[in-house]
Amino acid sequence: MKASEALRQSDKVHAFVVGDVMIDAYLMGKVQRISPEAPVPVVEVTHREQRLGGAANVARNVLALGATVEMASVIGTDEAAEVLLQKCSDMSIGTDACLRRSDRPTTVKNRIISNGQHLLRVDEEMTTPLDDATGEALVQKCIARFDVQRPDVLIFEDYDKGVLTPAVIADLVAAASQRNIPTAVDPKFRQFMAYKGVTLFKPNLKELREGLGLNGLDRRDDDAIATATTAIRESLSAQAVLVTLSERGVWLHDAPGQHERIPAHPREINDVSGAGDTVIATASVLMAAGVPLRICAAVANLAGGLVCENVGVVPVDLKRLLAEVKPLEAALE
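Below: a short report on this structure. (Residues numbered from 1 in each chain as written. Predicted model: local features only at pLDDT ≥ 70, side-chain atom pairs only at ≥ 80, totals over all residues. Heavy atoms only, no water.)

### Focus on empty space enclosed by the protein
- Using the criterion set out here, one finds two cavities of 30 Å³ or more in the structure.
- Taken as a whole, the largest cavity spans an internal volume of roughly 80 Å³.
- Looking at the largest cavity, the residues that line it are D20, V21, V74, I75, R104, P105, T106, T107, M126, K161 and V163.
- Grouping the constituent residues of the lining of the largest cavity by class yields six nonpolar, two polar and three charged.
- The calculated volume of the second largest cavity comes to roughly 40 Å³.
- For the second largest cavity, the full set of lining residues is P129, D158, D160, K161, G162, V163, L164, T165, R190 and Q191. (1 Å grid on protein atoms, 1.4 Å probe; cavity = no way out; pocket = protein on both sides within 12 Å on 5 of 7 lines; lining within 4 Å. Points joined across faces, edges and corners; volume = space filled by probe spheres on them. Nonpolar A, V, L, I, M, F, W, Y, C, P; charged D, E, K, R; others polar.)

Below, the structure written as structure tokens:
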């Protein structure tokens, strides 16, 4: 199936996202003076905003692409959790598989922005891995939802905040495999090697370096990237590895000896926050719809670039994406 056709029929795709959810909070204003108390700018706040972040932003991107989505995570019993659940409800993101725990505050990333420039970020979070009982409860909630409505793809969104433990990952990959549900992963360092048997493994270059201990890995060294992606694909028994390379585009390795770098599209980059969320969401929805992985990678690369033109974490604009997918498809045929 062509990507443009899949995107126009994306309402047929049901995705399930599991991982670290958070609130991205923004204080936006202007700077006109330096504080007399310390050599720091004084931001006069003109606007406040709270957006879904982390795995919740992946779910938001899935929704923006036209698919339906459910989300699973562990959140607190605090005000931030109420905000998150209400925003999900308003957007029709399913949250029946979310667990609430009074001893685990909801992650909030507070960003201070002036005239489009990111000045400071203050994080409120707990990153301790889930205990075994909580992890098992989360897995059972997910499996119960799988059996109510089988998802077309299971997306792991790992921000190293402790929700995705090795046991949670292994149990959910096994449950997905038993139900023939393809799996896609946006990994982080702590559990980088825990995602054995997944369909699509999508690190960025920094995560690939850290996960394999290759500190000198250069985004311009195609031979080294080919060696690294071969190693991770074989170690995880993954069907495909997709690495985002910033201005160099993305690298796809989806068969023995088969590698391809897909160039980036020229963009005016204002903020890279959330671009990885858009890439994994787009690739996953297209993969679930039966689009070849090479085309999934190219369109996901395109979508990630589009969101970088905005300030702050925003989902992909489906109308803009569709407008640029047609010529991309023609070029790849």
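Next comes the rest of the description.
### Looking at the layout of surface pockets
- Estimates place the volume of the second largest pocket at around 180 Å³.
- Lining the second largest pocket are 13 residues, with Q50, E79, A80, V108 and E124 positioned closest to its centre.
- Secondary structure elements with two or more residues in the lining of the second largest pocket: strand 2 (21–34), helix 3 (79–91) and strand 7 (107–114).
- Here the residues of the lining of the second largest pocket sort into six nonpolar, three polar and four charged. (Helix = DSSP H or I, 4+ residues; strand = E, 2+ residues; numbered from the N terminus.)

### Quick word on the packing of helix 4 (residues 132–148) against helix 5 (residues 166–178)
- The interhelical angle for the contact between helix 4 and helix 5, taken along N-to-C directions, is 15°, at an axis separation of 10 Å. If you check the angle between helix 4 and helix 5, you find them roughly parallel. Helix 4 and helix 5 meet at a crossing whose hand is right-handed. Residues G135, E136, L138, V139, C142, I143 and F146 of helix 4 form the contact with helix 5, whose own contacting residues are V168, D171, L172 and A175.
- When its residues are assigned to classes, the contact of helix 4 with helix 5 shows eight nonpolar, one polar and two charged. (Axes fitted to C-alpha atoms, helices over the stretch in contact; angles between N-to-C directions. Parallel < 35°, antiparallel > 145°, perpendicular 65-115°, else oblique. Left-handed = near helix turned anticlockwise from the far one by under 90°. Contact = heavy atoms within 4.5 Å.)

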